[in-house]
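Each chain is listed here by its residues.
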Amino acid sequence: MAKVDRGSAGVEREEQLERLYREQGPKMWRAVLAFAGDPEVASDAVAEGFAQALHRGTEIRDPERWLWRVVFRIAAGLLAERRRSE
């Protein structure tokens, strides 16, 4: 398997996202839980938000702000999908 060469910017971004996950992840989860009323939706939205942030890497200018917005959009999408399938 080929070794992936990551520049320092990529490593720094991963470290920043890890710090954000530790500091903001639980707050995001509680906020999305209050919004959605479902712990599964909250868990899925936060996990997917951070996964997308890792994938996008340095494309995101302000990761904390971006993540807060994205986790709520993901949660809203999950709730809408649930309503459509009922």
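Calculation notes
- Residues numbered from 1 in each chain as written.
- Predicted model: local features only at pLDDT ≥ 70, side-chain atom pairs only at ≥ 80, totals over all residues.
- Heavy atoms only, no water.
- Core = buried A, V, L, I, M, F, W, Y, C linked by side-chain atoms within 4.5 Å.
- Buried < 20%, exposed > 50% of the residue type's maximum accessible area, 1.4 Å probe, protein only.
- Helix = DSSP H or I, 4+ residues; strand = E, 2+ residues; numbered from the N terminus.
- Contact = heavy atoms within 4.5 Å.
- Axes fitted to C-alpha atoms, helices over the stretch in contact; angles between N-to-C directions.
- Parallel < 35°, antiparallel > 145°, perpendicular 65-115°, else oblique.
- Left-handed = near helix turned anticlockwise from the far one by under 90°.
- Nonpolar A, V, L, I, M, F, W, Y, C, P; charged D, E, K, R; others polar.
- Expected span 1.5 Å × (residues − 1).
- Salt bridge = Lys/Arg side-chain N within 4 Å of Asp/Glu carboxyl O.

Caption draft 1: Representation of the nonpolar core within the structure. Grouped together as the largest cluster of nonpolar side chains are 19 residues, with contacts concentrated most on M28, V32, F50, A53, W66 and L67. Secondary structure elements with two or more residues in this core: α1 (8-36), α2 (39-56) and α3 (63-85). Examining the composition of this core, we find that 7 residues originate from one element, α3, more than from any other. Leaving out residues up to four positions away in the same chain, W66 has contacts with G49, Q52, A53, R56 and I60.

Caption draft 2: Highlighting the packing of α2 against α3. For the pair α2 and α3, the least separation of the axes is 8 Å and the interaxial angle reads 130°. Between α2 and α3, the angle is such that the two are oblique. Judged by the twist between their axes, the crossing of α2 over α3 is right-handed. Residue-level inspection shows V41, D44, A45, V46, E48, G49, F50, Q52, A53 and R56 of α2 in contact with α3, the latter providing W66, L67, V70, V71, I74, A75, L78, L79 and R82. For the contact of α2 with α3, the per-class residue count stands at 13 nonpolar, 2 polar and 4 charged.

Caption draft 3: Summary view of α3. With 23 residues, α3 extends 32 Å from end C-alpha to end C-alpha; this agrees with the ideal 33 Å at 1.5 Å per step. Among the residues of α3, those classed as buried are P63, W66, L67, V70, V71, I74, A75 and L79.

Caption draft 4: Structural view of the environment of F50. Looking at the element boundaries, F50 is found in helix α2. For F50, a relative accessible area of 7% corresponds to the buried category. In this structure the C-alpha to C-alpha distance between F50 and L17, which are 33 residues apart in sequence, comes to 7.6 Å. Not counting chain neighbours up to four residues away, the residues in contact with F50 comprise L17, L20, Y21, G25, M28 and L67.

Caption draft 5: Spatial organisation of the pattern of salt bridges. Across all of its chains, the model carries 2 salt bridges by this definition. E23 is the salt-bridge partner of R19, the closest N and O atoms lying 3.1 Å from each other. Of this pair, R19 and E23 are both found in helix α1, 4 residues apart, which corresponds to roughly one turn of the helix. R19 sits in the partly exposed class, given a relative accessible area of 34%.

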